[in-house]
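# Structural overview for review
In case you want the letters, here they are:
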Amino acid sequence: MTKQLTDPRTAYEYFLGKRVSDNHWRSLCRTLTENGMTVNDDNVLFYAKVRKQIPRTPAHLKDVLDCYQKAEKFLALNSSKVTGEKILELFAKEDIKPHPATLSRWFKPVGGFRRSRFYYPEKLTPVLASAFIYKLINQPKLGV
């Protein structure tokens with residue numbers, strides 16, 4: 001029984017499918033450590049997964065990770081398929097009121113939004129995380 005050891009950078013590059021520059025890697029390490037995370041395989045891969053699913057978000061990394069984990073927790077409670085109507089109920093409960101175009105943009109990767117459509121929970125994590133980030137960013141504007 002041998003334990004395969006990899007360094008975090010190799011794992012990160014393998015996940016992305018390309019090499020990253022030294023500056024990119026230093027920036028990523030600095031971002032993780034500033035947010036209280038250690039630079040290890042698990043954290044680096046989690047960061048890459050989140051950034052791949054939710055690119056170019058204006059929120060801070062810690063807030064994005066919190067929103068992503070909140071979405072995963074909600075979906076863990078709903079292990080079967082979730083309807084679009086149930087998602088709208090969650091948005092109303094969380095006081096998230098997106099414009100229909102925003103809702104359409106969030107659901108584009110999963111084939112668009114329909115109230116009656118069933119969605120697999122594992123596909124909805126980036127959608128719900130985007131909604132929670134939307135709420136976080138727009139709270140000052142909404143006066144909440």
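Residues numbered from 1 in each chain as written. Predicted model: local features only at pLDDT ≥ 70, side-chain atom pairs only at ≥ 80, totals over all residues. Heavy atoms only, no water.

Now for the overall build of the chain. Along its length, the chain carries seven helices and two strands. Its helices and strands taken in sequence order, the chain reads α-α-α-α-β-α-α-β-α from the N to the C terminus. For the chain, the residues scored as buried account for 39% of the 144 residues in total. Taking as baseline every contact in the chain between residues at least 6 positions apart, the subset at least 24 positions apart corresponds to 63%. A total of about 9500 Å² of accessible surface is found on the chain, and carbon and sulfur atoms cover 53% of it. (Helix = DSSP H or I, 4+ residues; strand = E, 2+ residues; numbered from the N terminus. Buried < 20%, exposed > 50% of the residue type's maximum accessible area, 1.4 Å probe, protein only. Contact = heavy atoms within 4.5 Å. Areas by Shrake-Rupley, 256 points an atom, 1.4 Å probe, with all protein chains shown as cover.)

Counting 38 residues, the largest nonpolar core has Tyr12, Ile87, Phe91, Trp106, Phe107, Leu124 and Leu128 as its most contacted members. Breaking this core down by element, the ones donating at least two residues are α2 (22-34), α3 (41-53), α4 (61-77), α5 (84-93), α6 (100-107) and α7 (121-142). Residue contributions to this core peak at eight residues, all from α4. If sequence neighbours within four positions are ignored, phenylalanine 107 has contacts with Ile87, Gly112, Phe113, Tyr119, Leu124 and Val127. (Core = buried A, V, L, I, M, F, W, Y, C linked by side-chain atoms within 4.5 Å.)

Turning our eyes to something else, we now look at the side chain of glutamate 13. Turning to its location among the elements, glutamate 13 is positioned in helix α1 (residues 8-16). Take glutamate 13: its relative accessible area is 9%, and that puts it in the buried class. Ignoring any residue separated from it by four or fewer positions in sequence, one finds glutamate 13 in contact with Lys18, Arg19 and Val20.

Note that serine 104 resides in helix α6. Serine 104 sits in the partly exposed class, given a relative accessible area of 42%. On a C-alpha basis, the gap between serine 104 and arginine 114 in space is 9.3 Å, while along the polypeptide they are 10 residues apart.

Counting across every chain of the model gives five aromatic pairs. Ring centres 5.9 Å apart and planes at 75° place the aromatic pair phenylalanine 91 and tryptophan 106 in the edge-to-face group. On the criterion of sequence distance, the pair formed by phenylalanine 91 in helix α5 and tryptophan 106 in helix α6 is long-range, its members being 15 residues apart. Residue class for phenylalanine 91 comes out buried when judged on its relative accessible area of 1%. Taking the relative accessible area as the measure of exposure, tryptophan 106 reaches 7% and is therefore buried. Between phenylalanine 107 and tyrosine 119 the ring centres are 5.2 Å apart and the planes differ by 55°, which places this aromatic pair in the tilted class. Linking phenylalanine 107 in helix α6 with tyrosine 119 in strand β2 (residues 118-119), this pair joins segments that are 12 residues apart in sequence. (Phe/Tyr/Trp six-rings, centres within 6.5 Å; stacked < 30°, edge-to-face > 60°.)

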